[in-house]
Amino acid sequence: MKILVINSGSSSLKYQLIDMETEGVLAKGLCERIGIANSNFIYKANGTTIEQQIDMPSHNVAVKLVLDKLTDKEVGVISSMSEIDGVGHRVVASGEAFKKPTLVTPKAMELMEEIKDLAPLHNPAAIVGVKACLAAMPNTPMVLVFDTGFHFTMPDYAYMYAVDYTHYEKYKIRRYGAHGTSHKFVAEEAAKYLGKNIEDLKIITCHLGNGSSITAVNGGKCIDTSMGFTPLAGVPMGTRSGDIDYAAAEYIAKKEGMDVSEMLTYLNKKCGMLGVSGVSSDFRDLSAAADAGNYRAKLALDMFAYGTKKYIGAYAAALNGVDVIVFTAGIGENDNRIREAALKDMEYLGIKLDAKKNDNCPRGTIAEIQAKGSKVKILVIPTNEELVIARETVKEAKLG
Ligand code: ADP
C-alpha cells in the first residue's frame with residue numbers, strides 16, 4: 001500500500017510517497033514559489049535529485065507535476081496514479097471542530113472553511129492543497145491530519161486560559177498546541193526503543209526546531225503542551241517571542257506605532273533568537289557568533305536553553321515525575337550544547353546527562369545519552385511527521 005503525504009503552504013507544497021509495507025519513502029520533494037515567478041520543483045527518488053525551474057501558477061499545477069513525476073517512465077516510482085491508495089494532508093489548526101484525523105468529505109471541507117482564520121497563513125493553503133489533489137485524484141480517499149490532534153487529551157484545567165469563560169464558549173479560545181504528530185511519533189518510538197509499554201511511561205518530548213514545543217505525555221496521552229492557541233506561545237523560538245507579558249507588547253506597540261496585527265507580525269517574525277541576537281534565527285549561526293564573543297547571540301542561546309529547562313521542570317511536576325526525556329527536530333537532534341544546557345543541574349530530578357555520549361550523538365538514529373545511574377532516560381529521536389500522517393491516513397480511511 002502506498003500513501004501520498006501532502007504538506008501545503010501558501011506558496012509551497014511538500015510531498016512524500018510512502019510505502020506502508022516497509023514504511024520507507026519511495027519519493028519526496030518540494031514545490032516552491034507556487035503562484036510566484038521562478039517556481040522551483042524538487043523531486044528525490046532512488047538516490048537522485050531532480051531540480052527544475054517550472055512555472056507553477058497554482059497548487060493544481062504543482063500537484064499535477066508531482067503526479068507526473070511519480071509516474072514518469074524514467075524517474076517515477078509507480079506505474080500509474082491508481083497505485084496511490086490514499087492521501088494524507090497535514091493541517092495546522094483544528095479548533096475544536098476536528099479532534100482527530102478526519103476523512104475528506106464535502107461536510108469536512110465546509111468545516112475547514114469555517115475554521116480557516118484560526119491559522120490564516122496555513123489552513124487556507126491546506127484547503128487549496130486538498131482541492132488540488134481531489135481534482136487530480138477524485139476517487140482516492142483523503143484524510144486531514146491535524147498538528148493539534150495529539151493534544152486533545154489535555155484536561156480542561158491545562159487547556160483553558162484564565163479569560164472570560166464566555167469567550168471560550170463563543171470563540172473556543174484555549175490552548176491547542178502544535179507539532180502533535182511529532183510528539184506522538186517520538187513518544188511512541190521512545191517506548192518501543194526502551195521495550196516498555198507506553199502506558200507505563202511519563203515522557204517529556206522536546207520538539208526543538210524553527211518552531212519549538214515541549215509536551216508532557218502520560219501513558220501515551222498528552223496532558224500539557226507549551227504552545228497555545230497558536231504556535232506563538234511557549235519557549236522563545238527562531239523568530240517567535242514565545243511567552244511574553246501582553247502589557248509589554250502593548251507598550252512596544254504604542255511606542256513604535258504598531259496596530260494589533262503589526263504587533264502580531266512582530267512577535268511572530270522579528271522576535272525570538274533573531275530579535276534578541278540581531279544575528280540570525282538559525283542556531284548554527286548563533287553558536288558561531290557566540291563562540292566569536294557576540295554577547296547577544298550567547299544571550300539568545302541561554303534564554304532558549306533556560307526556557308526549555310523551565311518547561312521540563314514544570315512538566316516533571318505536572319506528570320508527578322518523569323521516566324524519559326526526548327529531544328527531536330533540527331535543534332533537538334543536532335545541537336548538543338542546547339541539550340546540555342537545558343538539562344544542567346537537574347540531578348535532583350534524576351536527570352543526568354553523559355556529556356561524551358551527548359557530544360558524540362550519532363545523527364539520524366535513536367541515541368541514548370543519559371549517564372550511568374541516571375534515573376531518567378534521555379533519548380535523541382529523529383522525528384517523522386510524514387510517517388504519522390501516512391499511518392493515520394491508513395487508519396482513518398480504513399485502508400489497512
Ligand atoms: P522546522 O521544521 O520547524 O522548520 P527544523 O526542525 O528543521 O525546523 O529545525 C530547523 C532549525 O534547526 C534550524 O533553524 C537550525 O537552527 C537548527 N539546526 C539544524 N541543524 C543544526 C545543527 N547541526 N546544529 C544546530 N542547530 C541546527
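Throughout, residues of each chain are indexed from 1 in the direction in which the sequence is written. Reporting of local features is limited, given that this is a predicted model, to residues whose pLDDT is at least 70; pairs of side-chain atoms are given and counted only at 80 or more, and all residues count toward the totals for whole chains, interfaces and linings. Excluded from the side-chain calculation are hydrogens and water; included are all heavy atoms of the structure.

Colleague: Teacher, can you tell me more about the site of the ligand here?
Modeller: The criterion for a residue being near a molecule or strand is simple. One of its heavy atoms has to lie within 4 Å of it. Around the ligand, the structure places Gly209, Asn210, Gly211, Asp282, Phe283, Arg284, Ala329, Gly330, Ile331, Asn334 and Asp335. Arg284 has a polar side-chain atom sitting 3.4 Å from a nitrogen atom of the ligand. Under the scheme used here, helices are H or I runs from DSSP no shorter than 4 residues and strands are E runs no shorter than 2 residues, and both carry numbers assigned from the N terminus. Mapped onto the shell around the ligand, the elements with two or more residues apiece are α10 (283–291) and α12 (329–334). At four residues, α12 tops the list of elements feeding residues into the shell around the ligand. Between N or O atoms, a polar contact is any pair within 3.5 Å; within protein, one atom must be a potential hydrogen donor and the other a potential acceptor, and residues adjacent in sequence are included only when both atoms are from side chains.

Colleague: Just to check I follow, could you spell out the environment of Leu319 for this structure?
Modeller: Tracing the backbone shows Leu319 in helix α11 (residues 295–319). Residue exposure (1.4 Å probe, protein chains only): buried if accessible area is under 20% of the type maximum, exposed if over 50%, otherwise partly exposed. Assessed through its relative accessible area of 2%, Leu319 is described here as buried. Placed 248 residues apart in sequence, Leu319 and Thr71 show a C-alpha to C-alpha distance of 49 Å.

Colleague: Can you walk me through the sheet that holds strand β5 (residues 48–53) in this structure?
Modeller: Adjacent strands of a sheet pair through backbone hydrogen bonds, lying either parallel or antiparallel. If you walk across this open sheet you meet the eight strands as β5-β4-β3-β2-β1-β6-β8-β7, and the pairing is mixed. Here the strands that pair on one side only, and so sit at the sheet edges, are β5 and β7 (102–103). In this sheet, strand β3 (residues 24–32) lies alongside strand β2 (residues 13–19) in antiparallel orientation, the contact comprising seven bridges. In the strand pairing of β3, Ile18 is matched with Val25. DSSP-based pairing: two strands are paired if at least 2 bridges between them are found.

Colleague: Sorry, what's going on with empty space enclosed by the protein here?
Modeller: To locate leftover empty space, one rolls a probe as large as a water molecule over the atoms. With a 1 Å grid spanning the protein atoms alone, the term cavity applies to any set of points in which a 1.4 Å probe fits but cannot get out, the term pocket to an open set with protein on both sides within 12 Å along at least five of seven lines, and the term lining residue to any residue with an atom within 4 Å of a point. Grid points are joined across faces, edges and corners, and a volume is the space filled by probe spheres set on the points. The full count for this structure, using the stated rule, is one cavity of 30 Å³ or more. Considered as a void within the structure, the largest cavity measures approximately 40 Å³ in volume. The wall of the largest cavity is formed by Asn7, Ser8, Arg90, Val91, Val92, His122 and Ala126. Where the lining of the largest cavity is concerned, the elements lending two or more residues are β1 (2–8) and β6 (86–91). Of the residues that constitute the lining of the largest cavity, the class distribution is three nonpolar, three polar and one charged. Each residue is assigned to one of three groups, with Ala, Val, Leu, Ile, Met, Phe, Trp, Tyr, Cys and Pro labelled nonpolar, Asp, Glu, Lys and Arg labelled charged, and all others, Gly among them, labelled polar.

Colleague: Would you mind going over the sheet that holds strand β10 (residues 212–218) with me for this structure?
Modeller: Pairing is mixed in the open sheet, where six strands are placed in the order β11-β10-β9-β12-β14-β13. The sheet is open, and its two borders are formed by β11 (221–225) and β13 (367–368), each paired with just one other strand. Looking at chain direction, β13 and strand β14 (residues 377–380) are connected through two bridges and run antiparallel. When the bridges of β14 are listed, Glu368 appears paired with Leu379.

Colleague: Quick question: what am I supposed to make of the packing of aromatic side chains here?
Modeller: Centre distance and the angle of the planes are the two values used to describe a pair of aromatic rings. For Phe, Tyr and Trp, where Trp contributes only its six-membered ring, two rings pair if their centres lie within 6.5 Å, and the inter-plane angle classes them as stacked under 30 degrees, edge-to-face over 60, or tilted in between. All chains considered together, the criterion is met by eight aromatic pairs. Ring centres of Phe283 and Phe304 lie 4.8 Å apart, and the angle between their planes is 75°; on these two criteria the pair is classed as edge-to-face. Taken together, the residues Phe283 in helix α10 and Phe304 in helix α11 connect sequence positions 21 residues apart. Phe283 sits in the buried class, given a relative accessible area of 6%. Connected via pairs of aromatic rings, a cluster forms that spans Phe152, Tyr176 and Phe229. Criterion for a charge above a ring: Arg CZ or Lys NZ at most 6 Å from the ring centre, at most 35 degrees from the ring normal. Looking at Lys172, its charged tip hangs above the ring of Tyr168, at a distance of 5.1 Å from the centre. Positioned above the aromatic ring of Tyr159 is the side chain of Arg174, whose terminal nitrogen or guanidinium carbon lies 3.7 Å from the ring centre.

Colleague: I'm lost on the environment of Gly95 in this one. Help?
Modeller: Among the secondary structure elements, Gly95 is positioned in the loop between β6 and β7. As for Gly95 and Lys269, which are separated by 174 residues in sequence, their C-alpha atoms are 23 Å apart. Residue contacts are defined here by distance: any two heavy atoms, one from each residue, within 4.5 Å place the two residues in contact. Once residues within four sequence positions are removed from consideration, Gly95 is found in contact with Ile115, Leu118, Phe152 and Tyr176.

Colleague: Teacher, can you tell me more about the side chain of His183 here?
Modeller: Looking at where His183 falls in the secondary structure, it is placed in helix α6 (residues 180–194). Separated by 3.2 Å, the side chains of His183 and Thr215 make a polar contact. Dropping the residues within four chain positions of it, His183 is found in contact with Phe150, His151, Ala178, Thr205, His207, Ser213, Ile214 and Thr215.

Colleague: Help me out: how do you make sense of helix α2 (residues 106–114) in this one?
Modeller: Spacing of three or four residues puts side chains on the same side of an α-helix, whose turn is 3.6 residues. Taken together, the buried positions of α2 are occupied by Ala108, Met109 and Met112. Seen from one end, α2 has its buried residues packed into an arc of 100°, which puts them on one side. Exposed and facing more than 90 degrees away from the buried side of α2 are Pro106, Lys107, Glu110 and Glu114. Turning to α2, the residues buried within the fold contact β6, β7, α3 (123–136) and β8 (142–146). In this description, one arc is meant: the one made by directions from the helix axis to the C-beta atoms.

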